[in-house]
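What follows is each chain in one-letter form.
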Amino acid sequence: MSQSGVQVDNDCIKQFNELKLGKTLKYIIYKLSDDFGNIVVEETSSDKDWDNFREKLVNAKTKNKQGKEGKGPRYAVYDFEYDLASGEGKRNKITFIAWSPDDAAIGPKMTYASSKDALKRSLNGIAAEVQANDEDDIEYNTILSKFNKGA
Amino acid sequence: MASQTLNSSMQPTDVYGGDEVSAIILDPGYSSVRAGFAGEDTPKSFVNSHYGVNESGTVFGDDAIHNPLAALDIRNPMSKEGIVEDWDTATRLWEYSITSRLTSFKQADPRTNGLNDDLKDMDVEMDGIEEGEKPLEEHPLLMTETAWNSPKNREKSIEIAMESWGCPAFWLARNSVMAAFGAGKATALVVDVGASTASVLAIHDGLILKKSVQKSHLAGNWLSSQLRTLFETSEPKVELVPHYMIMSKSPVDAGAPAQATYRKYEKSPTDSFRALEEERVLTEFKESVVQVWPGPGRLNSNNQMGMTNLEYAKGQPGRVFEMPDGYNQMWGVERFSVSEGMFDEKAALPIPGEQPITKAQTIPEMVKASVNAVDMDLRSQLLQNIVVTGGTTLINGFTDRLNNELVAMYPSARIKIQAAGLTAERRFGSWIGGSILGSLGTFHQMWISRKEYEEFGANVVEKRCK
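Residues numbered from 1 in each chain as written. Chains lettered and ligands numbered in written order. Predicted model: local features only at pLDDT ≥ 70, side-chain atom pairs only at ≥ 80, totals over all residues. Heavy atoms only, no water.

Undergrad: Would you mind showing me how to read the sheet that holds strand E6 (residues 73–75) of chain B here?
TA: As a general point, the strands of a sheet are linked pairwise by backbone hydrogen bonds and lie either parallel or antiparallel. Residue and element names in this part refer to chain B. Judged by pairing direction, the sheet is antiparallel, and its 3 strands sit side by side in the order E5-E4-E6 without closing on themselves. A strand with exactly one partner marks an edge of an open sheet, and here the two such strands are strand E5 (57–60) and E6. Strand-to-strand twist in this sheet, taken as the mean axis angle between neighbours without regard to direction, amounts to 30 degrees. Where strand E4 (residues 51–54) lies against E6, 3 bridges are found, and the strand directions are antiparallel. By the bridge assignment for E6, Val-53 is matched with Asp-73. The sheet strands contacting helix H2 (residues 87–99) are E4 and E5, and the helix crosses E5 at an angle near 45 degrees. (Pairing = 2+ DSSP bridges. Helix = DSSP H or I, 4+ residues; strand = E, 2+ residues; numbered from the N terminus. Axes fitted to C-alpha atoms, helices over the stretch in contact; angles between N-to-C directions. Contact = heavy atoms within 4.5 Å.)

Here's what the structure looks like:
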């Protein structure tokens, strides 16, 4: 259970299973509905270009209480594929990303952070999790170095 | 009362379970109690936790406790660790902080709301007035607590909310978790330096890792003690004379003795009253003069230019502070040396009657101990997600210094500190977090309802509020 009472839309799980089993999707971006009541799917894609995906997070918007638009947090699941540092071939890691830019307003940041567990717990089969708060945190190499460190 | 029907487009947006009543957020600390309505940006009510007692009764709030004529004994219902010691008074203090400023229900009795200084017939008919109507019957209450609050105290909180105040619903939130969420992080290392306590603890997926909790007294009040030692040992000695003792003063040159006439009181105010008033002067001094040496290195370590940082800091511009009696002087390197003990135990000034502080009590060592207490895999993530909160961290240079200390302590790790830029968010971080959470439409599923309380008893709070 999250600590905010926010619910997870069924489609979130459906799309996740599609990504996990169907192997056609590369990533899913989730967001909170405008009334902050549910977590919903914002977008799914099979685009393999990390930087396009990253761009989408960086440009994500959300409305504050007064209806003014500002930077917005998001959740995402990315089927991260990488070469092992040892050169022994490729690996896949289904990675959960909690994106909450430091310069977003406190309201959305609070709501996303306190609701994250609701989504993460309903998705079965996540191999890694990244908590990202600035643009460096979602550079391809930042995430890659994380995975290769332990290997 | 004539009521107008609202059509759906006119419905208020801040609803609680379809009702138009908003929740109240109560964030009690050692130095102040913060209270206000969920959904608002800052707490409407900000009340000093100290209260005054004299033969005619008890008074609360800044309007009443600073009266030198009232022969008040100044006390605090909280222990030095931010935990309630005196429940009866704490309950009344919190009730005062809610009823005196939050206007949705009846104002407190004018004799007790602190607006009238005549203390003669205080408290006489309190019980009669309260009867039949409990102050929070229409408002769910979200209260914050420290990570080290005891199970017994948590149960006591819900009992007060339900029994004494008649709340329809209740929730208890950890203040450090609120601070982490407010920074957009479900996993974080929270460094919280308030008035009485400095603490460091790890949060993973919104839950506090109990074994990581570290705390010490090197916080705002300790810094005040350092200032007292500084004043005592200055040459000439700096007299700490609070405002209420000054009748008039004439301007004097820097360093020259004060030229002031002092007030005489028939019944001289108590020592505890004087201490409270001295503290106000010290707070002003902390806010306007004190700095933390930002690093790199400690104040007494050598820098690249072949001198100590202390010598370098001596060359930095000083700041003038005028005491209430008119005495004023330029404070130079002392601005840095009084706070140095928070980071370097050897630099702490001795406090009469207290043990010297230990290395383990300093902030960087608490971070180390906290990080070492958690799983290896989590450590690097925590060091990248440090959240700094609490009023004392607003002292200039604090965050820079912490960063420099940790970079030196963990040369191969990535250190990232997040500290809210807005002063209000740093001082009221946990209140604001509670305010946002309590105003979410979905939060009505979280509240412990009166029915649940009646069915399961006070220990429902242990099961529900982790």
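So much for the structure itself; the text now carries on.
Undergrad: Help me out: how do you make sense of the UniProt feature "domain: ADF-H" (unreviewed entry) in chain A in this one?
TA: Listed under "domain: ADF-H" (unreviewed entry) in the UniProt record, and renumbered for this structure, are residues 5–148 of chain A. Along residues 5–148 of chain A the backbone is 33% helical and 33% strand, and the end-to-end C-alpha distance reaches 36 Å. (UniProt positions renumbered as here; feature names shortened; annotations may be inferred.)

Undergrad: Would you mind showing me how to read the side chain of Gln226(B) here?
TA: Residues and elements named next belong to chain B. With respect to the secondary-structure elements, Gln-226 resides in helix H6 (residues 220–233). Classification of Gln-226 by relative accessible area gives buried; the value is 0%. Excluding anything up to four places from it in sequence, Gln-226 contacts Val-338, Ala-348, Leu-349 and Ile-351. (Buried < 20%, exposed > 50% of the residue type's maximum accessible area, 1.4 Å probe, protein only.)

Undergrad: Can you help me understand the pattern of salt bridges in this one?
TA: Where charged atoms from two side chains of opposite charge come close, those side chains can pair. Tallied over the full model, the rule gives 37 salt bridges over all chains. Between Lys56(A) and Glu43(A) there is a salt bridge; the shortest N-O distance is 3.0 Å. On the criterion of sequence distance, the pair formed by Lys56(A) in helix H2 (residues 50–58) and Glu43(A) in strand E3 (residues 38–45) is long-range, its members being 13 residues apart. Here Glu43(A) falls in the partly exposed class, since its relative accessible area comes to 26%. Its salt-bridge partner being Lys44(B), residue Glu40(B) comes within 3.1 Å of it at the nearest N-O pair. Each of Asp102(A), Asp134(A), Asp137(A), Arg414(B) and Lys416(B) takes part in one network of salt bridges that share partners. (Salt bridge = Lys/Arg side-chain N within 4 Å of Asp/Glu carboxyl O.)

Undergrad: Hey, could you run me through the nonpolar core in this one?
TA: Generally speaking, nonpolar side chains in soluble globular proteins are found buried as a group. Formed by 90 residues in total, the largest nonpolar core has its most connected members in Tyr30(A), Trp94(B) and Leu141(B). In terms of residues, this core owes the most to one element, H2(B), which gives 6 residues. Setting aside residues up to four positions removed in sequence, Leu141(B) forms contacts with Ile24(B), Leu26(B), Ile98(B), Leu136(B), Ala161(B), Trp165(B), Cys167(B), Ala169(B), Phe170(B), Trp171(B) and Trp447(B). Core analysis: the next-biggest nonpolar cluster, separate from the first, contains 49 residues, Leu189(B), Val193(B), Ile351(B) and Ile415(B) among them. (Core = buried A, V, L, I, M, F, W, Y, C linked by side-chain atoms within 4.5 Å.)

Undergrad: Help me understand the layout of surface pockets in this model?
TA: The method is simple in principle: a probe with the dimensions of a water molecule rolls over the atoms, and the space it marks as empty is what remains. All names here are of chain A. The calculated volume of the second largest pocket comes to roughly 1200 Å³. Surrounding the second largest pocket, 41 residues form its lining, Phe-36, Lys-63, Asn-64, Lys-65 and Gln-66 being those nearest its centre. Looking at the lining of the second largest pocket residue by residue, the class counts come to 13 nonpolar, 15 polar and 13 charged. (1 Å grid on protein atoms, 1.4 Å probe; cavity = no way out; pocket = protein on both sides within 12 Å on 5 of 7 lines; lining within 4 Å. Points joined across faces, edges and corners; volume = space filled by probe spheres on them. Nonpolar A, V, L, I, M, F, W, Y, C, P; charged D, E, K, R; others polar.)

Undergrad: So what exactly am I meant to see when it comes to the confidence of the model for chain A here?
TA: Of the residues in chain A, 97% have a pLDDT of 70 or more, and the chain-wide mean is 92. The element-level mean pLDDT for chain A is lowest in helix H4 (residues 140–150) of chain A, coming to 83, with strand E2 (residues 27–32) of chain A highest at 97. (pLDDT = per-residue confidence, 0-100.)

Undergrad: Looking at this model, I keep getting lost on the sheet that holds E2(A). Mind explaining?
TA: Pairing within the open sheet is mixed, and its 6 strands lie in the order E1-E3-E2-E6-E7-E8 (chain A). A strand with exactly one partner marks an edge of an open sheet, and here the two such strands are strand E1 (7–8) and strand E8 (128–132) of chain A.

Undergrad: Just checking my understanding: could you explain the interface of chain A and chain B for this structure?
TA: Between chain A and chain B, the contact holds 28 residues from the first and 30 residues from the second. Summed over both sides, the interface of chain A with chain B buries roughly 2500 Å², with 49% coming from carbon and sulfur. Among the residues of chain A in contact with chain B, Gln3(A), Met110(A) and Gln131(A) are the three that bury the most area, contributing 30% of the side total. Joining chain A to chain B, the criterion identifies 6 salt bridges. Linking Asp102(A) and Lys416(B) is a salt bridge whose minimum nitrogen-to-oxygen distance equals 3.0 Å. Put simply, chain A and chain B have 13 residue pairs in polar contact (both at pLDDT 80 or more) between them. (Buried area = accessible area lost by both parts, 1.4 Å probe. Polar contact = N/O pair within 3.5 Å; in protein donor to acceptor, adjacent residues only side chain to side chain.)

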